[in-house]
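Structural overview for review
One letter stands for each residue in the lines below.
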Amino acid sequence: MGMIGFYAGSFDPFTNGHLAIVKKTVKCFDKVIIGIGKNSGKKARIDKNKMKKAIEETLKTEKIENAEVIIYNGLTAKVAKEMGAEILIRGLRNGTDYQYEETIAEINDEYSKFDTCYFRAGNLGYLSSSMVMELYNAGESVEKFVPKAVATVLENLRKKE
């Protein structure tokens, strides 16, 4: 197996910005593992198993065959190493993201000798999971900001509320 990248996030929800990063990374790595992690600082808004299925459906729709989705607990670098990854993947929206991510990258490098590869969100740099959920909670449509499978998960969530 060639180079494996590990793209971690809470993906709560997985947005078109995240998808844009995945589309770029699968061209650069032989395999990309999308790791849905538990962020101790954030309470999950959407069931992780439902999000995993929606991301997998999105990968299938987009004909992306060299990516897989996992759910994990614990330190990202430790899980990435267990999965055989060599590089941590992070998406950048803006300079603020860079400062935040660079601090984490330095810790990962020091702790586990993992390097971090950044991918720009490009014209979707304005898009965040928090913004999507803010619109969703206000009763607005978020279909243009998330893949179709994710929109379905959100619609079903709204029906239960």
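Residues numbered from 1 in each chain as written. Predicted model: local features only at pLDDT ≥ 70, side-chain atom pairs only at ≥ 80, totals over all residues. Heavy atoms only, no water.

Now for the sheet that holds strand S3 (residues 67-72). Reading across from one edge, S3-S2-S1-S4-S5 is the order of the five strands in this open sheet, with parallel pairing throughout. Only two strands of the sheet have a single partner each, and these edge strands are S3 and strand S5 (115-120). For this sheet, the mean angle separating the axes of adjacent strands, direction not counted, is 30°. One ladder, built from six bridges, connects strand S2 (residues 31-37) with S3; its direction is parallel. Paired with Ile-34 across the two strands is Val-69, which belongs to S3. In the packing of helix H1 (residues 16-28) onto the sheet, contacts are made with strand S1 (4-9), S2, S3, strand S4 (87-92) and S5, and the angle to S5 comes to roughly 120°. Across the sheet, helix H2 (residues 48-61) touches S2 and S3, and the angle it forms with S3 is around 175°. (Pairing = 2+ DSSP bridges. Helix = DSSP H or I, 4+ residues; strand = E, 2+ residues; numbered from the N terminus. Axes fitted to C-alpha atoms, helices over the stretch in contact; angles between N-to-C directions. Contact = heavy atoms within 4.5 Å.)

Keep in mind that these numbers describe shape and distance, not what the molecule does.
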